[in-house]
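# Examination of the molecular architecture
Listed below, chain by chain, are the residues.
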Amino acid sequence: MITVSDVSRTRCGVISCALPTVNCGAVTCGITSVIHVDEFDAMKLELDQALEVVRATAEEETDTRLGPRTAEEAAELEEKLTAALREVREARAELEREQS
């Protein structure tokens, strides 16, 4: 892909390939399309904004990801889950005693 800009006082960008030609100032190129700089800048801004959304989404998913990321976090989670399981077992045992 070749981009040509500021050619002979004409600002345009050209994506080059072996197709019909177009004149852009003093340059004639085989092109798929001519993108003027203002259109290119707008497209770039839209892509930058879309990329920010993707990055923010990925960061949010990482932040809300379940599960530990370190050995310390794993040990802490294990302790909390063990304590919670102990409480559930005690509550179950008490309920079973009350029902008998």
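Please read all numbers here as calculations on a predicted model, not as lab measurements.

Take the overall build of the protein next. The secondary structure content of the protein amounts to two helices and two strands. For the protein, the sequential pattern of α-helices and β-strands runs β-β-α-α. Within the protein, the fraction of its 100 residues that count as buried is 11%. Sequence-distant contacts, at least 24 apart, represent 8% of the contacts inside the protein between residues at least 6 apart. As displayed, the protein has an accessible area near 8,400 Å², and 55% of this comes from carbon and sulfur atoms.

Overall, the prediction assigns the protein a mean pLDDT of 76, with 65% of residues at 70 or greater. Confidence scores differ between elements of the protein, with strand β1 (residues 12–24) showing the lowest mean pLDDT of 50 and helix α2 (residues 71–99) the highest of 94. pLDDT under 50 marks residues 1–10. Its contacts with residues more than four places away, or in other chains, come to 19 contacts. Low pLDDT, under 50, characterises residues 14–19; the stretch is placed with 22 contacts to residues that sit more than four places away or in other chains.

This brings us to the pattern of salt bridges. Applying the stated criterion across every chain yields a total of four salt bridges. Glu-52 is paired through a salt bridge with Arg-55; the nearest N and O atoms lie 3.7 Å apart. Of this pair, Glu-52 and Arg-55 both sit in helix α1 (residues 37–63), three residues apart, roughly one helical turn.

Let us now look at a negative patch on the surface. A grouping of Glu-59, Glu-60, Glu-61 and Asp-63 is seen on the molecular surface, where their side chains present a negatively charged patch. Note on placement: Asp-63 falls in helix α1.

Conventions used here
Residues numbered from 1 in each chain as written. Predicted model: local features only at pLDDT ≥ 70, side-chain atom pairs only at ≥ 80, totals over all residues. Heavy atoms only, no water. Helix = DSSP H or I, 4+ residues; strand = E, 2+ residues; numbered from the N terminus. Buried < 20%, exposed > 50% of the residue type's maximum accessible area, 1.4 Å probe, protein only. Contact = heavy atoms within 4.5 Å. Areas by Shrake-Rupley, 256 points an atom, 1.4 Å probe, with all protein chains shown as cover. pLDDT = per-residue confidence, 0-100. Salt bridge = Lys/Arg side-chain N within 4 Å of Asp/Glu carboxyl O. Patch = residues over 30% accessible without salt bridge, like charges linked within 9 Å, V, L, I, M, F, W, Y side chains within 5 Å. Lys, Arg positive; Asp, Glu negative; His and termini not counted. Charge placed at Lys NZ, Arg CZ, Asp CG, Glu CD.

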